[in-house]
Amino acid sequence: MNYFEESLNLHRSLKGKIRISPKMDVRSKDDLSLVYSPGVAEPCRAIAANPDDVYKYTIKSNTVAIVTDGSAVLGLGDIGALASIPVMEGKAMLFKRFANIDAFPICLDTQDVEKIIETVKLISPVFGGVNLEDISAPRSFEIERRLQDIGIPVFHDDQHGTAIVTLAGLLNGSKLVGKKMEDLKVVINGAGAAGIAIARLLKAVDNPDSPLATPVKDIVMCDSKGVIHEGRDDLNYAKKEVLEFTNAENKTGTLKDAIVGADVFIGVSMPNLMDRHDVATMAKDSIIFAMANPVPEIMPDEAKAGGAAIVGTGRSDLPNQINNVLGFPGIFRGALDARAPRITPNMKLAAARAIADHMRNPTFDSVIPPTLDEQVAWRVADEVRRVAEEEFGTK
């Protein structure tokens, strides 16, 4: 199937992939009087008297805003708000399909940090959570950080969703190759939103003493100019912060230099950056998650020819798909059910472990659940809700 052509035809015929549907039919004057005037005044009065009742009487308890500025959409880059709508509609479908959450695209015609933050705050009364999506780094870090105090979970999926699913795959993968997480030397290529979030989660930077944490030994991060090290004077603030917990030996050089002796390669960058000869320089039984889309940093056959034991990509047509859909529906389901005001580091670790543990018998070609496994989101939701209730006392 030509997915590009057929997708265009599908979108043309449907004129968008989502709709808003009422939960009851309005057939009589009594119906109208209950859902609208005069009856609707009573829940309004109840909420005015007790704002927390908004969760009892409205859609807020099950509604997520998918907010983007169109600056980093898929592998298409800065294509703007209008062109981002099909992706956000698809995200809304996945929220509904896997976690029964009503989500709606909010595609903003601005890339100004202050305006995005203000807009999210202004629309937050009607939503139970906010999924930031496809906003370029490093602006995405600041936007998410400054929205953590608005009383509802704000979660940048490109960062944390990717990191959570990557960690899940690595938890199972390391067991399969007989290595401990705390002994792993990891190379991450791509120092944007996803790459930095993966590094933070793998090192458990935000909660190193958590019983859920198993930090890896070391991480070397690379960007388009090579290894991120202390001697570089071209690093933005986010990359400088990364050096506080990565590259313990202050290695320099290129990606090819960095991966020599590494146990794990994680790519969130560009296609075709490695070949079998590069993989052969890595440690025995290496693990490779090459997640550039649609063409990974290295194809699985090539990586295995170089000696890799486990290879994952972001693609649906290849083994070990590392895909955010295994994470975000259940994470938000659990957070909404627990009425969590934000998503904490422990909730992220719990989500990763739930995904990993869902695979009772992982194999080299199946280290994480398939993306269409309907039970994953609910298992993730249970664990995220449990941790949230413990942390916030909302049980």
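Everything quoted here is computed from the prediction, not taken from an experiment.

Criteria and cut-off values
Residues numbered from 1 in each chain as written. Predicted model: local features only at pLDDT ≥ 70, side-chain atom pairs only at ≥ 80, totals over all residues. Heavy atoms only, no water. Core = buried A, V, L, I, M, F, W, Y, C linked by side-chain atoms within 4.5 Å. Buried < 20%, exposed > 50% of the residue type's maximum accessible area, 1.4 Å probe, protein only. Helix = DSSP H or I, 4+ residues; strand = E, 2+ residues; numbered from the N terminus. Contact = heavy atoms within 4.5 Å. Phe/Tyr/Trp six-rings, centres within 6.5 Å; stacked < 30°, edge-to-face > 60°. Lys NZ or Arg CZ within 6 Å of the ring centre and 35° of its normal. 1 Å grid on protein atoms, 1.4 Å probe; cavity = no way out; pocket = protein on both sides within 12 Å on 5 of 7 lines; lining within 4 Å. Points joined across faces, edges and corners; volume = space filled by probe spheres on them. Nonpolar A, V, L, I, M, F, W, Y, C, P; charged D, E, K, R; others polar. Salt bridge = Lys/Arg side-chain N within 4 Å of Asp/Glu carboxyl O. Pairing = 2+ DSSP bridges. Axes fitted to C-alpha atoms, helices over the stretch in contact; angles between N-to-C directions. Expected span 1.5 Å × (residues − 1). Polar contact = N/O pair within 3.5 Å; in protein donor to acceptor, adjacent residues only side chain to side chain.

Draft legend 1. Broad picture of the nonpolar core. One finds Leu170, Val186, Leu202, Met221 and Ile266 to be the most contacted residues of the largest nonpolar core, which totals 76 residues. The greatest single-element share of this core, amounting to 8 residues, is contributed by helix H15 (residues 345-358). Setting aside chain neighbours within four positions, we find Leu170 in contact with Met181, Leu184, Leu202, Val216, Val264, Ile287 and Phe289.

Draft legend 2. Focus on the environment of Met24. Assignment of secondary structure puts Met24 in the loop between helix H1 (3-14) and helix H2 (29-35). In the structure, Met24 is positioned 355 residues away from Arg379 in sequence and 30 Å away in space, judged by C-alpha atoms. In this view, Met24 contacts Asp31 and Val35; residues no more than four positions away in its chain are not counted.

Draft legend 3. Region of the structure containing unusual backbone geometry. A cis geometry characterises the amide bond from Ser37 onward to Pro38, with omega recorded as 10°. Note that Pro38 resides in the loop between H2 and helix H3 (41-49). The step from Asn293 to Pro294 runs through a cis peptide bond, and the omega angle for that step is 0°. A positive phi angle, near 55°, is found at Asp134, a position not held by glycine. Tracing the backbone shows Asp134 in the loop between strand S3 (129-132) and helix H7 (139-146).

Draft legend 4. Here's a closer look at the packing of aromatic side chains. Using the criterion set out here, one finds 3 aromatic pairs in the structure. Seen in terms of ring centroids, Phe95 and Phe332 are 5.5 Å apart; in terms of plane orientation they differ by 75°. Their pairing is edge-to-face. Of this pair, Phe95 sits in helix H5 (residues 80-99) while Phe332 sits in helix H14 (residues 328-337); the two residues are 237 residues apart in sequence, bridging distant segments of the chain. Taking the relative accessible area as the measure of exposure, Phe332 reaches 0% and is therefore buried. Among the aromatic residues, ring-to-ring pairing joins Phe95, Phe155, Phe328 and Phe332 into one connected group. The ring of Phe98 has Arg97 lying over it, and the distance from NZ or CZ to the ring centre is 5.4 Å. Its end group placed over the ring of Tyr55, Arg339 keeps NZ or CZ at 3.6 Å from the ring centre.

Draft legend 5. Looking closely at empty space enclosed by the protein. The full count for this structure, using the stated rule, is 1 cavity of 30 Å³ or more. Empty space within the largest cavity amounts to approximately 50 Å³. Every residue lining the largest cavity is listed: Leu167, Leu171, Leu201, Ala204, Leu212, Ala213, Thr214, Pro215, Leu349 and Arg353. Mapped by element, the contributors of at least two residues to the lining of the largest cavity are helix H8 (157-176) and H15. Taken together, the residues of the lining of the largest cavity break down into 8 nonpolar, 1 polar and 1 charged.

Draft legend 6. Focus on the pattern of salt bridges. For the structure shown, the criterion picks out 28 salt bridges. Of the charged contacts in the structure, one is a salt bridge between Lys256 and Asp278, with a shortest N-O distance of 2.7 Å. Separated by 22 residues along the polypeptide, Lys256 in helix H11 (residues 255-258) and Asp278 in helix H12 (residues 276-279) bring together distant segments of the chain. The class for Lys256 is partly exposed, based on a relative accessible area of 43%. The exposure class assigned to Asp278 is buried, which follows from its relative accessible area of 9%. Note that Glu302 is salt-bridged to Arg276, the shortest N-O span being 2.9 Å. You can see Glu302 sitting in helix H13 (residues 300-305) and its partner Arg276 sitting in helix H12, a full 26 residues away along the chain. Using a relative accessible area of 22% as the deciding quantity, one classes Glu302 as partly exposed. Residues participating in the shared-partner salt-bridge network are Asp223, Lys225, Arg232, Asp234 and Lys239.

Draft legend 7. A look at the sheet that holds strand S6 (residues 218-223). Here 6 strands make up an open sheet; going across it, the order is S7-S6-S5-S8-S9-S10 and the pairing mixed. For this open sheet the edge positions go to strand S7 (226-227) and strand S10 (310-313), each flanked by a neighbour on one side alone. On the sheet, helix H9 (residues 193-202) packs against strand S5 (185-189), S6 and strand S8 (264-267) and is oriented at approximately 175° with respect to S6.

Draft legend 8. Local environment of the layout of surface pockets. Its boundaries defined by the atoms lining it, the second largest pocket holds a volume of some 930 Å³. If you trace the second largest pocket, you find 30 residues lining it, with Arg19, Ile20, Ser21, Pro22 and Asp102 closest to the centre. A class-by-class count of the residues in the lining of the second largest pocket yields 19 nonpolar, 5 polar and 6 charged.

Draft legend 9. Focus on H1. Compared with an ideal rise of 1.5 Å per residue, which puts 12 residues at 16 Å, H1 spans 16 Å between its outermost C-alpha atoms and is within 8% of the ideal. The backbone nitrogen of Phe4 has a side-chain oxygen 3.2 Å away, supplied by the residue at the start of H1, namely Asn2. Following H1 by one or two positions, Lys15 adopts a phi angle in the positive range, close to 55°.

Geometric values such as these leave the question of function open.
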